[in-house]
Amino acid sequence: MRDFATSDDPQVQRELDRLAALSLPQGRFGLETIHEILKRLSNPQDHLPPTFHVAGTNGKGSTCTYLRMMLEAEGLTVHTATKPHLVRYNERIRLAGKLIEDQLLGQLLKEVLDASEDLGPSFFEVTTAATFLAFARIPADVCVIEVGLGGRFDATNVLTSPTACGISTLGIDHEGFLLRPEEGTPRDPLAKIAFEKAGITRPGSPLVTQTYPARALEQVEAIAKERGAPHFLRGRDWDVEGGEMLTYRDANGTLTLPMPQLHGAHQADNAGLAIALLRHQDRIHVSEEAMAKGIQTARWPARLQNLRTGPVTNLVAGAEFILDGGHNPDAAEAIAKAFKDRPRLNMVMALMANRPIRDVLAPIAPHVNRFWAVPIPGHDCHSAEDIARVAGELGVGQPHAAQSVEEALAELGKALADEGDTTPQTVLIAGSLYLAGEVLRDNEEVPD
């Protein structure tokens, strides 16, 4: 039930219970069901304001956040759809800058479920249909829609003429879904990922992307050409560099903007993609001043997020706490780069069972001084003992297994006291968005 969240509102809870009973029918791929659901609801996806559609392995959520904040800084009203939620289902649907209210959410979910129950819809199809209903019925200037999984068969991939499509970084993730054998698709794993993500490309809509290895780029360019979509590639048509300031360049000139406040050098890449999406379409104008303000004000929970003082962080007094939900090797590389200058890092980690422990932990391990592995309550996860064992094999000194984040932090606090260590401490809690949601809830930092 935690996957779908709970609600204090009885109507919302009834619909969340119905959602929790849904699952993707085994072996069913395609968009036929979501098209039929939307047809029964008068095709709300065809009645949206100008829309940005963003896919990718890592960075797509941050890119969508930069887009939203830049657009809002321009004074525009923005609807946003992002995935997943961390604590409350409401986080998936943001209307005119605010999370959807319970009453409207309950009504929309009931309407979609009542209309589609005989079709055996998935959780994601119902969620997407409810999102499009809300976006079509409530006025706004622009929509920003994040792809959930892949692109070609993602339930959001029913948009016919988005204002612009974007693809963030690519990496190997969700192998069971995205790398399943299929005739006529690439065999190389990264090329197959690129093929799936580029499935959001639409005729005439600008496709704006990061740069990729040749085998992946070949797929993106072929699909853009086949569908008649102008492709704007980083390193060829636009570029961005981080430093003291963020420098963005394209054929229309150079922008010098502030660096993102979000942690990590990779955030300059994500902000750059958002800028490029805005600069390679002609339906929405956003000034340089609004871009600068949007970059500075962007916040994205569980992406190298500094936690506030609260019940969790108080367990190690005076420490800096950073929370990240990255759960694949590419995300781990980004975390490692962010902590390369912090040699005495304390880490608490959990990982879902379908994630490779060694591949995710290896980039971060050299920076870790004290390590605790924990399970994820209510989820199919690796045991804390298995994660701790791999940490030891990777050279992390004295890795520990604990039964909860609270237990791990209590043990860390005791270790610091026993060693008489009074130096400033950094605690990284990472490895799973599910774990991140638990920590945010327990630390009383529910995303709003």
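Residues numbered from 1 in each chain as written. Predicted model: local features only at pLDDT ≥ 70, side-chain atom pairs only at ≥ 80, totals over all residues. Heavy atoms only, no water.

S.K.: Teacher, can you tell me more about the side chain of Thr65 here?
M.R.: You can see Thr65 is positioned in helix 3 (residues 60–73). Beyond its immediate chain neighbours, meaning those up to four positions away, Thr65 contacts Ala298, Arg299 and Trp300. (Helix = DSSP H or I, 4+ residues; strand = E, 2+ residues; numbered from the N terminus. Contact = heavy atoms within 4.5 Å.)

S.K.: What is the right way to look at the packing of aromatic side chains in this model?
M.R.: Aromatic ring pairs are described here by two measures, namely the spacing of the ring centres and the angle between the planes. Applying the stated criterion across every chain yields a total of three aromatic pairs. Taken together, a centroid distance of 6.0 Å and an interplanar angle of 90° make the contact between Tyr89 and Phe123 edge-to-face. Remark: Phe123 occurs in helix 5 (residues 123–137) and Tyr89 occurs in the loop between strand 2 (78–81) and strand 3 (93–95); sequence separation between them is 34 residues. Just as Tyr89 is buried, Phe123 falls in that class too. Centroid distance Trp238 to Tyr248: 6.1 Å. Interplanar angle 20°. Geometry classified as stacked. Here Tyr248 lies in strand 10 (residues 246–250) and Trp238 lies in strand 9 (residues 238–241), a separation of ten residues in the sequence. Take Trp238 and Tyr248: they sit in the same class, and that class is buried. Feature note: the residues Tyr89, Phe123 and Phe124 constitute an aromatic cluster, connected by ring pairs. The cationic tip of Arg180 hangs over the ring face of Phe29; the distance from NZ or CZ to the ring centre is 3.8 Å. (Phe/Tyr/Trp six-rings, centres within 6.5 Å; stacked < 30°, edge-to-face > 60°. Buried < 20%, exposed > 50% of the residue type's maximum accessible area, 1.4 Å probe, protein only. Lys NZ or Arg CZ within 6 Å of the ring centre and 35° of its normal.)

S.K.: Please explain the sheet that holds strand 16 (residues 400–401) as it appears in this structure.
M.R.: Strand pairing within a sheet occurs via backbone hydrogen bonds; the two strands may be parallel or antiparallel. The strand order across the open sheet built from six strands is 12-13-17-14-15-16, with neighbouring strands paired in mixed fashion. Single-partner strands in this sheet number two, and they are strand 12 (305–306) and strand 16. (Pairing = 2+ DSSP bridges.)

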